[in-house]
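Geometric and topological summary
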Amino acid sequence: MNKAKRQTIIAGNWKMNKTPSETTALIGEMKELVKDADCGVVLCVPFVDIAAAIEASKGTNIKIGAENVHFKESGAYTGEVSANMLKECGVEYVVVGHSERRQYFGETDQTVNLRTLAALKGGLKPIVCVGETLEQRELGYTETLLKYQTKMALTNVTAEELKNVVIAYEPVWAIGTGVTATADQADEGNGFVREAIAEVYGKDVAETVTIQYGGSMNPKNADELLSKVNVDGGLIGGASLKAEDFSVIVKAANK
Ligand code: PEP
């Protein structure tokens, strides 16, 4: 295991929060607090906030991401947004397959794969989310499920394209619940994801992939979670909506 081989990335996922003016204010506050980060700093924001986020983050180390992308390049898909639209706006990252999209919007392993491929083709870096429900964990399916979801999401992704993919292990039972996986559970889950990547692309490639943990990461638990060998950063929901909290997590990743 060599953590030095991969980039640590702390990414915020704002979900359906913040208006454009609130976006300008929050990034204005954050940029000073995270300016010395050694790790990648990304904020994934609602589509309507992208222009404000790009403007507010100009000249800073903050990269902007979207929270979803459609799998077609254009066409009759009312309400959807394509990778090239996002790219032209200055977006670099995009969350794909978040459990809230799987749960509420009919996202499947197949559409997660199509969105991943579309993001890569359009020059975006997908942050692909995988994770088990509490029921699946209790039934003993965590490893099988994480490996399946990871392999499905990466179907037809080349080793070259994989360099632009980030995976986020997000146990569904830990998202927005205040219940965090223990550092060992996070490390184990991320390890299963890395093993799945190794099974398809080889161990050397798997060692280079950034695998984040997400699920109620906060200023208090970030240090311990981020110290684990398989945890290369975090995907942060609630705590990314407060400049101070988010910056404490970024600082924990710097250590
Ligand atoms: C998320 O939305 O990806 C997430 C991890 O949320 P929270 O940090 O609020 O659990």
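Coordinates for the structure precede this section.
This report concerns the structure included in the present document. (Residues numbered from 1 in each chain as written. Predicted model: local features only at pLDDT ≥ 70, side-chain atom pairs only at ≥ 80, totals over all residues. Heavy atoms only, no water.)

Quick word on helix α5 (residues 109–121)
A rise of 1.5 Å per residue sets the reference length of α5, with its 13 residues, at 18 Å; its end C-alpha atoms lie 18 Å apart and thus fit the reference within 8%. When α5 is considered as a whole, its buried residues turn out to be Asp 109, Thr 111, Val 112, Asn 113, Arg 115, Thr 116, Ala 118, Ala 119 and Leu 120. Among the residues trailing α5, Gly 123 stands out with phi positive, at a value near 85°. (Helix = DSSP H or I, 4+ residues; strand = E, 2+ residues; numbered from the N terminus. Expected span 1.5 Å × (residues − 1). Buried < 20%, exposed > 50% of the residue type's maximum accessible area, 1.4 Å probe, protein only.)

Some thoughts on the packing of helix α1 (residues 20–33) against helix α12 (residues 243–254)
Contact geometry for α1 and α12: axes closest at 9 Å, N-to-C directions at 30°. One way to sum up the angle between α1 and α12 is to call them roughly parallel. Classified by chirality, the crossing of α12 by α1 is right-handed. Contact with α1, carried on its side by Leu 26, Glu 29, Met 30 and Leu 33, involves Ala 243, Glu 244, Phe 246, Ser 247 and Lys 251 of α12 and no other residues of that element. A per-class count over the contact of α1 with α12 returns 5 nonpolar, 1 polar and 3 charged. (Axes fitted to C-alpha atoms, helices over the stretch in contact; angles between N-to-C directions. Parallel < 35°, antiparallel > 145°, perpendicular 65-115°, else oblique. Left-handed = near helix turned anticlockwise from the far one by under 90°. Contact = heavy atoms within 4.5 Å. Nonpolar A, V, L, I, M, F, W, Y, C, P; charged D, E, K, R; others polar.)

Re the packing of aromatic side chains
Following the criterion strictly, the structure yields 2 aromatic pairs and no others. With a centroid separation of 6.4 Å and 80° between ring planes, the pair formed by Tyr 104 and Phe 105 is classed as edge-to-face. In this structure, Tyr 104 and Phe 105 share a single accessibility class: exposed. Taking the centre distance of 6.3 Å and the plane angle of 65° together, the rings of Tyr 169 and Tyr 213 count as edge-to-face. Taken together, the residues span a long stretch of sequence, with Tyr 169 in strand β6 (residues 166–169) and Tyr 213 in strand β7 (residues 211–214) at a distance of 44 residues. With respect to class, Tyr 169 is no different from Tyr 213; both count as buried. (Phe/Tyr/Trp six-rings, centres within 6.5 Å; stacked < 30°, edge-to-face > 60°.)

A closer look at the nonpolar core
Membership of the largest hydrophobic core comes to 65 residues, with the highest contact counts inside it found for Ile 10, Leu 43, Ile 167, Ile 197, Tyr 213, Leu 226 and Phe 246. Excluding residues that lie within four positions of it along the chain, Leu 43 makes contacts with Gly 12, Trp 14, Ile 27, Met 30, Ile 62, Lys 63, Ile 64, Gly 65 and Phe 246. Counting 11 residues, the second largest nonpolar core, distinct from the first, contains Ala 11, Val 42, Ile 127 and Leu 235. (Core = buried A, V, L, I, M, F, W, Y, C linked by side-chain atoms within 4.5 Å.)

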